[in-house]
Amino acid sequence: MNMRQQRAAVRPRARGTERSVARRAELIAIGRRLFADTSYDALSMDDIARQAHVAKGLIYYYFQSKRGYYLAIIRDSVADLVTFAASGLELPAVDRVHRTVDTYLRFAEHHQAAYRTIVSGGVGFDTEVHAIRDGVREAIIDTIAEGAYGGSDIAPLARMGLLAWVCSVEGATLDWIDRPAVSRDTMRDLLVKTLGGSLRAVAELDPSYPVPLPARRDA
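Asks: What's the story with empty space enclosed by the protein in this structure? I'm lost.
Replies: The rolling of a water-molecule-sized probe over the atoms marks out the regions of remaining empty space. By the definition in use, this model includes two cavities of 30 Å³ or more. Empty space within the largest cavity amounts to approximately 80 Å³. As for the largest cavity, its lining consists of Leu81, Tyr104, Phe107, Tyr115, Ile118, Val119, Arg133, Val136, Arg137, Ile140, Val166 and Glu170. For the lining of the largest cavity, the elements supplying multiple residues, two or more each, are helix H6 (93–110), helix H7 (112–120), helix H8 (127–149) and helix H9 (156–178). Top element by residues in the lining of the largest cavity is H8. It accounts for four residues. Class assignment of the residues belonging to the lining of the largest cavity gives a composition of nine nonpolar, no polar and three charged. Considering only enclosed or pocket space, the second largest cavity measures out at about 50 Å³ in volume. Every residue along the wall of the second largest cavity is listed here: Thr100, Val101, Tyr104, Ile140, Trp165, Val166 and Val169. Listing elements by their share of the lining of the second largest cavity, those giving two or more residues are H6 and H9. For the lining of the second largest cavity, the per-class residue count stands at six nonpolar, one polar and no charged.

Okay, structure coming up:
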């Protein structure tokens, strides 16, 4: 799945008139503020409608259900992260990695409830939330692969090494937003350094994927 497909997966194209698309986007923007630090179960549709200053029926009209509304909010929030990860190709690889990790941490910090939902997979095995999470993972992996190896079409071993790092980032970030004992800058630098360890491990197991210069111990 390339970057364009990943963005489409997390933010489907809205349909309808220009006015209805704008109204739907406005409701999503309101929902992003409401659910930034509030879990799905903590807000009823009545609460949402009252705080958004809209009729409850309007939310049902555009999103069919509370779950549909929440998923649309999550997709929209995550799409910004995926789009940002795909940009910055003109930057040096190490700067792009730092920027991507920093943006990821900012997203988790400012959308804590949504981040927990994405990483935990929703309620039970929620295939739609898993698809959103997988899209984010692939976007991050592609970003790192392009910077480290010059392209996102990499061998299974190299991809598994990057996936293992991304999964460790998810767990560490969950703990960090619950217990922010270190600053975001320190957390970013720590995650970037652990990425260097993953890249060195890949190179040791598959010499056709050499360690990028910034991650070499002798650099």
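Asks: What is the right way to look at the packing of H6 against H7 in this model?
Replies: Axis angle and axis distance: for two packed helices, these are the angle between their axes and the distance between the axes, and together they describe the pair. Two elements in contact, H6 and H7, have axes separated by 5 Å at closest approach and are oriented at 110°. Our classification of the angle between H6 and H7 gives roughly perpendicular. Of the residues in H7, those in contact with Tyr104, Phe107, Ala108, Glu109 and His110 of H6 are Gln112, Tyr115 and Ile118. When the residues that make up the contact of H6 with H7 are grouped by side-chain class, the tally is five nonpolar, two polar and one charged.

Asks: Even after reading the chapter, I still don't get the pattern of salt bridges, so can you show me in this structure?
Replies: Close approach of charged atoms lets side chains of opposite charge pair. All told, the structure shown has 18 salt bridges when counted by the stated rule. Note that Asp102 is salt-bridged to Arg106, the shortest N-O span being 2.7 Å. Here the residue Asp102 and the residue Arg106 both occupy positions in helix H6, the gap between them amounting to four residues, near one helical turn. A relative accessible area of 11% means that Asp102 is categorised as buried. A residue is classified by how much of its surface remains accessible, and Arg106, at 38% relative accessible area, is partly exposed. Several salt bridges converge on common partners, so that one network encompasses Asp102, Arg106, Glu109, Arg184, Asp185, Arg188 and Asp189.

Asks: Mind showing me how you'd approach the packing of aromatic side chains here?
Replies: Aromatic ring pairs: the centre-centre distance and the angle between the two ring planes describe each pair. Summed over all chains, the structure comprises seven aromatic pairs. Seen in terms of ring centroids, Tyr61 and Tyr62 are 5.0 Å apart; in terms of plane orientation they differ by 85°. Their pairing is edge-to-face. For Tyr62, a relative accessible area of 17% puts it in the buried group. The structure contains a cluster of three or more aromatic residues connected by ring pairs, namely Tyr61, Tyr62, Phe63 and Tyr69. The ring centre of Tyr40 lies 4.3 Å from the NZ or CZ of Lys66, which sits over that ring.

Asks: Would you mind showing me how to read H8 here?
Replies: Relative to the 33 Å expected for 23 residues at 1.5 Å per residue, H8 spans 31 Å between its end C-alpha atoms, a close match to the ideal helical length. Most of H8 is tucked away: 17 of the 23 residues are buried. Among the residues trailing H8, Gly150 stands out with phi positive, at a value near 85°.

Asks: Looking at this structure, I do not really get unusual backbone geometry. What am I missing?
Replies: Negative phi values dominate among residues other than glycine, just as trans dominates among peptide bonds. Phi at His53 takes a positive value of approximately 60°, unusual for a residue other than glycine. Take His53: it is sitting in the loop between helix H3 (45–52) and helix H4 (56–63). Residue Gln64 is not a glycine yet carries a positive backbone phi of 70°. Relative to the helices and strands, Gln64 is located in the loop between H4 and helix H5 (66–86).

Asks: Mind showing me how you'd approach the environment of Ala52 here?
Replies: When you line up the elements, Ala52 lands in helix H3. In this structure Ala52 comes out as buried when scored by relative accessible area, which is 10%. Taking the C-alpha atoms as reference, Ala52 lies 8.3 Å from Leu34; in sequence the two are 18 residues apart.

The rules behind the values
Residues numbered from 1 in each chain as written. Predicted model: local features only at pLDDT ≥ 70, side-chain atom pairs only at ≥ 80, totals over all residues. Heavy atoms only, no water. 1 Å grid on protein atoms, 1.4 Å probe; cavity = no way out; pocket = protein on both sides within 12 Å on 5 of 7 lines; lining within 4 Å. Points joined across faces, edges and corners; volume = space filled by probe spheres on them. Helix = DSSP H or I, 4+ residues; strand = E, 2+ residues; numbered from the N terminus. Nonpolar A, V, L, I, M, F, W, Y, C, P; charged D, E, K, R; others polar. Axes fitted to C-alpha atoms, helices over the stretch in contact; angles between N-to-C directions. Parallel < 35°, antiparallel > 145°, perpendicular 65-115°, else oblique. Contact = heavy atoms within 4.5 Å. Salt bridge = Lys/Arg side-chain N within 4 Å of Asp/Glu carboxyl O. Buried < 20%, exposed > 50% of the residue type's maximum accessible area, 1.4 Å probe, protein only. Phe/Tyr/Trp six-rings, centres within 6.5 Å; stacked < 30°, edge-to-face > 60°. Lys NZ or Arg CZ within 6 Å of the ring centre and 35° of its normal. Expected span 1.5 Å × (residues − 1).

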